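Reading the structure
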Amino acid sequence: MKQLISILLLIASSMFIPMRAQEANIETSDSLPPLTGNWIQQLMQANFNINDPRIHYPKFANFCRNVYNWGDKTFNTYDKDYVVGTGKNWKFNVDGTVWQQSYGYIFDLFNTRGWDQRITLHSNFNYDIGVRLSFMAVSIGYTWNVNQLAKVHPSPRSTFDFAFSCALFTAELRTQTTSGNTRITHFGQYNNGERINVPFDDINTDLLSINAYYFFNHKKFSQAAVYKFSKYQKKSSGSWMLGASFKRQRIEMDFSSLPPEMMPYMPENLPMKNHFHYRDFNILGGYSYNAVMPHNWIYNITILPGIGFKRSLLPGEQSISEMLSANMSGKMGFTYNHKALFANLTMKFDGSLVFNSKYSFINSTQQISIVCGVRF
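In short, a report on the structure. (Residues numbered from 1 in each chain as written. Predicted model: local features only at pLDDT ≥ 70, side-chain atom pairs only at ≥ 80, totals over all residues. Heavy atoms only, no water.)

**Side note on the pairing of strand E17 (residues 360–375)**
Here strand E2 (residues 90–106) pairs with E17 via 16 bridges, running antiparallel. Residue Trp99 lies in a different strand from E17, and its bridge partner there is Gln367. In this sheet, E17 lies alongside strand E16 (residues 341–355) in antiparallel orientation, the contact comprising 15 bridges. Each bridged residue has a counterpart across the sheet, and for Lys348 the counterpart in E17 is Gln367. (Pairing = 2+ DSSP bridges. Helix = DSSP H or I, 4+ residues; strand = E, 2+ residues; numbered from the N terminus.)

**Description of the side chain of Ser352**
With respect to the helices, strands and loops of the structure, Ser352 is situated in strand E16. Exposure remark for Ser352: the relative accessible area of 4% places this residue in the buried category. Within the structure, Ser352 has its side chain in polar contact with the side chain of Tyr278 (distance 3.5 Å). Not counting chain neighbours up to four residues away, the residues in contact with Ser352 comprise Lys247, Gln249, Tyr278, Ala326, Asn327, Phe361, Ile362 and Asn363. (Buried < 20%, exposed > 50% of the residue type's maximum accessible area, 1.4 Å probe, protein only. Polar contact = N/O pair within 3.5 Å; in protein donor to acceptor, adjacent residues only side chain to side chain. Contact = heavy atoms within 4.5 Å.)

**Comments concerning the pattern of salt bridges**
Evaluated as defined, the whole model comprises six salt bridges. The salt bridge involving Asp350 is made with Lys247; its shortest N-O contact spans 3.6 Å. Taken together, the positions of Asp350 in strand E16 and Lys247 in strand E12 (residues 237–254) put the pair 103 residues apart, joining distant regions of the chain. On the accessibility criterion, Lys247 (5% relative accessible area) is buried. (Salt bridge = Lys/Arg side-chain N within 4 Å of Asp/Glu carboxyl O.)

In structure tokens form, the structure reads like this:
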């Protein structure tokens, strides 16, 4: 079983983060003390340097090592004048995240009077804090719901993020469910059209999002240098990106519980109960740029709009509608490196737009994260 786990780790890591042995000069076996035990014990003594010439692999394990080296060369080759590895396999970090969801109904998107009739909602701020230990591409972590612990705007919610990246491409998966914990901030001409702050808990959301995109300038650019802390960007560089995305989202709202004084301002074209169920298939295209700054700072900005095909079941419609979809994703990050230490500030935005014959519906998620950690 131990041999099988070690072999699987060798194969699984081949498309992610190159090992330290690939980045450094390896001494010959004659200049190093011999290793003892079986090949797994030798691998541990060599600090998981799979290309240490002192390790005596059996045939199949050596085949897996060759597969890893092929994958590393194919998917993780950089111009070392621009991008280099950190020389470390392990990372430990603590992170804190603040995120919020926004929703908006606009009854004439291209008319000022339509914006006067808009309805906007914002969730209360959600706070998470977590810890994570990573070895190459494998990591384990735990996140605490600070709202629940502090009993400040607690609400049922869950979030799961998974991402992997190499020099050539990045893929991301995100799931998120929330319930209640929302406030209406604008409701047509109620309160003379001024901003309001009315609690609204009759809302449930469920999101599944998958993105994958290719970096054209993958030899000289590494997004992982800012967001994964597994590379150093030595010179400023950017890259055009092209990819695809799939998004499935359910949003359910029930306005029937609003205070009686707000009901006369309920737009005629808006059903009392809104159930948005839709799927997006989008082509993504955008640009990402790393700016190397003095004192070991690096800045990234990524803009990734998408356009494609949407299949949706909207309120008041009896059949599935098919239409063009429009999405916008973007993020901006600052990373600081000092020897084995790193720190990061990242801001993200992900939004989508749904049209029907009566109104437009905009929803988005905004997020700010702070990460502090150490490589070893």
